[in-house]
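What follows is the residue order along each chain.
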Amino acid sequence: MEIRGHHFLCMLGFRGLGYDEEFVKNMNEIIERLNNEQDMLIKVVDNVDNICALCPNNIDGECKIESYPGSVREKDRAVLKILGIKVGEVVRYRDIVNKIKENMTEEKMMNICKDCEWFGLGYCLEGLKKLKGG
C-alpha cells in the first residue's frame, strides 16, 4: 500500500467526511485495514496514493491541487521530515503510528495543516491527542 505523508495525520481524526461517498468508503476501508494489520508495509510517497485513488482532485494520477504554495506535497514532506521518514521508504504501519506519537505535536500539526479545508473541524488534533493518550 502507498500512503502520502499528510494522510497519516488525516487518518487520525477521520470521521466519515470527505469529497464524496466513494472517497469516504475508500478512506474508511484503508483505515480499517491498517488498524487490523498494523504490521502492513507502507511505501511512503509524496504524490497520489491509495487514499487519493478515489479523490475527485485526482486527475489521471496527478493531484490537481499540487501547484499552489503550501501544496499537499509540501505538507507531505513536512510531516515526513518530522517523522524522520524519507519519500519512497517502506515502513510498517505500526512504526509510523509510533513515530507520530513520539514526534508530532499539536503545534507542529497546526503549522502544517492550518490552511487545510478539513483542519478547522478539529478532528485531526483530537485524533492526535487520543493517540498520545489525552
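Rules of the game
- Residues numbered from 1 in each chain as written.
- Predicted model: local features only at pLDDT ≥ 70, side-chain atom pairs only at ≥ 80, totals over all residues.
- Heavy atoms only, no water.
- Pairing = 2+ DSSP bridges.
- Helix = DSSP H or I, 4+ residues; strand = E, 2+ residues; numbered from the N terminus.
- Axes fitted to C-alpha atoms, helices over the stretch in contact; angles between N-to-C directions.
- Contact = heavy atoms within 4.5 Å.

Identification of the chain as DUF1284 domain-containing protein from Caldanaerobacter subterraneus subsp. pacificus DSM 12653 is taken from an unreviewed UniProt entry.

A. Quick peek at the sheet that holds strand E2 (residues 41–45). Strand order in this open sheet of three strands is E1-E2-E5, and the pairing throughout is mixed. In this open sheet, the two strands that pair with only one neighbour each are strand E1 (2–4) and strand E5 (90–92). Neighbouring strand axes in the sheet, compared pairwise and without regard to direction, differ in orientation by 45° on average. With three bridges joining them, E2 and E5 adopt antiparallel strand pairing. Of the residues in E5, the one forming a bridge with Lys43 is Val90. Set on the sheet, helix H4 (residues 93–103) makes contact with E2 and E5; between it and E5 the angle comes to about 80°.

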